[in-house]
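In case you want the letters, here they are:
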Amino acid sequence: MNYKLLNIKTFGDNRGKLSVVEALRDIPFEIKRVYWIFDTLPDESRGFHAHKNMEQIIVAMDGACQFVLDDGKTREQVWLNRPDKALYIGKNMWREMKHFSYGCKLMILASDYYDEKEYIRDYNIFLKEVNK
Ligand code: TYD
């Protein structure tokens with residue numbers, strides 16, 4: 001499975017906490033794009049795609065949600081629920097995001113610019129791609 005849960009370097013003191021990632025040091029790619037997901041709803045799932053070439057780091061800045069990760073052979077579930085944990089998802093991983101808490105906010109660091117051609121949005125095509 002091409003994913004990993006990372007503990008983010010965090011500095012805490014009596015003022016609060018600060019977490020940091022540096023490209024090519026704490027995460028394995030240069031960051032070309034940052035986007036965020038907010039105003040989510042518990043019964044609305046998202047994702048349902050894989051990326052042919054893109055890698056991502058996802059952080060739940062607030063709230064929680066469940067990631068379903070699938071490499072075409074096995075399917076695993078991971079909860080993201082802390083801003084000092086990050087989910088790394090590599091190439092060719094099917095992902096679904098479910099069970100968002102109200103007000104969940106996800107920040108995503110991506111290894112490349114947005115390119116719809118690089119998405120696989122059909123699960124059967126994904127299975128064919130990864131199993132060939
Ligand atoms: P979508 O892929 O449906 O989001 P999710 O992965 O959370 O299910 O993206 C929603 C819309 O936003 C879709 O029309 C594509 C657009 N979009 C961009 O234009 N640029 C981006 O960087 C991203 C991630 C999405």
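Presented here is an overview of the structure given in this document. Values in this document were obtained by computation on a predicted structure and should not be read as measured data. (Residues numbered from 1 in each chain as written. Predicted model: local features only at pLDDT ≥ 70, side-chain atom pairs only at ≥ 80, totals over all residues. Heavy atoms only, no water.)

**A word on the pattern of salt bridges**
Moving on, step 1. Going through the model one piece at a time under the given rule, you end up with 12 salt bridges.
Moving on, step 2. Measuring nitrogen to oxygen at the nearest pair gives 3.7 Å for the salt bridge that ties Lys-105 to Asp-62. Here Lys-105 is found in strand E11 (residues 105-110), whereas its partner Asp-62 is found in strand E6 (residues 56-62), with 43 residues between them in sequence.
Moving on, step 3. Between Arg-75 and Asp-70 there is a salt bridge, with the nearest N and O atoms lying 2.9 Å from each other.
Moving on, step 4. Look at Arg-75 and you get partly exposed, because its relative accessible area is 43%.
Moving on, step 5. Relative accessible area serves as the criterion here: at 2%, Asp-70 is assigned to the buried category.
Moving on, step 6. Through salt bridges with shared partners, a single network forms among Asp-70, Arg-75, Glu-96 and Lys-98. (Salt bridge = Lys/Arg side-chain N within 4 Å of Asp/Glu carboxyl O. Helix = DSSP H or I, 4+ residues; strand = E, 2+ residues; numbered from the N terminus. Buried < 20%, exposed > 50% of the residue type's maximum accessible area, 1.4 Å probe, protein only.)

**Overview of the sheet that holds strand E5 (residues 46-51)**
Moving on, step 1. Pairing is antiparallel in the open sheet, where five strands are placed in the order E8-E7-E10-E5-E12. Only two strands of the sheet have a single neighbouring strand rather than two, namely strand E8 (75-80) and strand E12 (119-120).
Moving on, step 2. Relative to E12, E5 runs antiparallel, the two being bridged by two bridges. Looking at E12, one finds that Ala-50 is bridged to Ile-120. (Pairing = 2+ DSSP bridges.)

**Remarks on the nonpolar core**
Moving on, step 1. Ranked by internal contacts, the top residues of the largest apolar core, which has 17 residues, are Ile-58, Phe-67, Leu-69, Leu-87, Ile-89 and Leu-106.
Moving on, step 2. Secondary-structure elements contributing two or more residues to this core are E6, strand E7 (65-70), E8, strand E9 (85-89) and E11. (Core = buried A, V, L, I, M, F, W, Y, C linked by side-chain atoms within 4.5 Å.)

**Side note on the environment of Asp-62**
Moving on, step 1. Taking the relative accessible area as the measure of exposure, Asp-62 reaches 43% and is therefore partly exposed.
Moving on, step 2. For the pair Asp-62 and Leu-106, spaced 44 residues apart in sequence, the C-alpha to C-alpha distance is 7.3 Å.
Moving on, step 3. Setting aside its immediate chain neighbours within four residues, Asp-62 contacts Gly-103, Cys-104 and Lys-105. (Contact = heavy atoms within 4.5 Å.)

**Quick notes on the site of the ligand**
Moving on, step 1. All residues in the neighbourhood of the ligand are listed as Arg-33, Tyr-35, Ile-37, Arg-46, Gly-47, His-49, Met-97, Tyr-114, Tyr-119 and Arg-121.
Moving on, step 2. In this structure, an oxygen atom belonging to the ligand sits 2.4 Å away from a side-chain N or O atom of Arg-33.
Moving on, step 3. Arg-46 is positioned such that a nitrogen or oxygen atom in its side chain is 2.7 Å from an oxygen atom of the ligand.
Moving on, step 4. In the complex, the protein chains occlude 59% of the 540 Å² of accessible area that the ligand would expose alone.
Moving on, step 5. Mapped by element, the contributors of at least two residues to the shell around the ligand are strand E4 (33-37) and E5.
Moving on, step 6. When its residues are assigned to classes, the shell around the ligand shows five nonpolar, two polar and three charged. (Near = heavy atom within 4 Å. Polar contact = N/O pair within 3.5 Å; in protein donor to acceptor, adjacent residues only side chain to side chain. Areas by Shrake-Rupley, 256 points an atom, 1.4 Å probe, with all protein chains shown as cover. Nonpolar A, V, L, I, M, F, W, Y, C, P; charged D, E, K, R; others polar.)

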